[in-house]
Amino acid sequence: MAIFKDQIVRKDPSLGSPEPLPRKDGDSYSTPTPSYEPAPRTRSREAKESVIAAGLTIDGKIEGAGHVRMAGRFKGDVNVDGDLTIEAGAKITGSVRADTVTVGGELEGNIEGASRVELLATGVLNGDLKAGSLTVASGSRMRGNVSFGWDDAVAPQPRLRMETDAAS
């Protein structure tokens, strides 16, 4: 016998609609277990995302393939073949190397070799930046040297001029 007659089901609009489950025989108030469709992937690559939750503080080194979302604090270098997102309120102290870096929190260190860097309105970068492209939102802050839009492999090399002596 159930204590509550009506069940309240809250729907999250970002998730798919739950499929109705068949009722059990003889059970007039069975509790359905909703099954949701997975959210559509918004990233072009099918890499997994690792999350460092708010409230966590970690010292060490992050290396590997995949996306990283930082919501806590991390002290050490980050080198990933994927995207790095630093959430508002998060802080990384160390150098960063990733395909795409989105800074919404604070980064105290250099960004090297990123194809794209985005500084959000809440983002703070205290270090040097070297990237293929840079997007800066109003309100973001940065202190350091910036180099973007240059491809080192295609950058013009200085020409050497050889002078010869005509008497030889």
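Quantities reported herein were computed from a predicted structural model and do not represent experimental measurements.

Trainee: A description of the overall build of the chain should follow, citing residues and the corresponding values.
Mentor: Check the secondary structure of the chain and you find 0 helices and 16 strands. Counting only residues that meet the buried cut, the chain has 25% of its 168 residues in that class. Sequence-distant contacts in the chain: of pairs separated by 6 or more residues, those separated by 24 or more amount to 5%. Surface accessibility of the chain: about 12400 Å² in total, with carbon and sulfur atoms responsible for 51%.

Trainee: Mind laying out the environment of Arg143, listing which residues take part and the relevant values?
Mentor: Mapped onto the secondary structure, Arg143 falls in strand β15 (residues 141-143). When the C-alpha positions of Arg143 and Leu125 are compared, they lie 6.4 Å apart, and in sequence the two are 18 residues distant.

Trainee: Describe the pairing of strand β12 (residues 111-119), listing the residues and the values that go with them.
Mentor: Bridge analysis of strand β10 (residues 100-103) against β12 gives 4 bridges, and the strand direction is parallel. From the neighbouring strand, Thr100 faces β12, where its bridge partner is Arg116. As paired elements, β12 and strand β14 (residues 129-136) share 6 bridges and run parallel to each other. Among the inter-strand pairings, Val117 is bridged to a residue of β14, identified as Leu134.

Trainee: Give me the lowdown on the confidence of the model for the chain, citing residues and values where you can.
Mentor: Mean pLDDT for the chain: 77, with 61% of residues reaching 70 or above. Long-range and interchain partners of residues 27-44, a stretch whose pLDDT sits below 50, account for 28 contacts in this model, where long-range means more than four residues apart.

Trainee: Give me the lowdown on the side chain of Thr100, citing residues and values where you can.
Mentor: Here Thr100 lies in strand β10. What Thr100 contacts, discounting residues up to four positions off in sequence, is Gly82, Asp83, Leu84, Ser115 and Arg116.

Trainee: Please give an account of the sheet that holds strand β8 (residues 91-93) that cites residues and values.
Mentor: Read from one edge of the open sheet, 6 strands run β2-β5-β8-β11-β13-β15, paired in parallel fashion. Strands with a single pairing partner mark the edges of an open sheet, and in this sheet they are β2 (57-59) and β15. Adjacent strand axes in the sheet meet at a mean angle of 5 degrees when their direction is disregarded. Across 3 bridges, β2 lies against strand β5 (residues 73-75) in parallel orientation. Among the inter-strand pairings, Ile58 is bridged to a residue of β5, identified as Phe74.

Analysis parameters
- Residues numbered from 1 in each chain as written.
- Predicted model: local features only at pLDDT ≥ 70, side-chain atom pairs only at ≥ 80, totals over all residues.
- Heavy atoms only, no water.
- Helix = DSSP H or I, 4+ residues; strand = E, 2+ residues; numbered from the N terminus.
- Buried < 20%, exposed > 50% of the residue type's maximum accessible area, 1.4 Å probe, protein only.
- Contact = heavy atoms within 4.5 Å.
- Areas by Shrake-Rupley, 256 points an atom, 1.4 Å probe, with all protein chains shown as cover.
- Pairing = 2+ DSSP bridges.
- pLDDT = per-residue confidence, 0-100.
- Axes fitted to C-alpha atoms, helices over the stretch in contact; angles between N-to-C directions.

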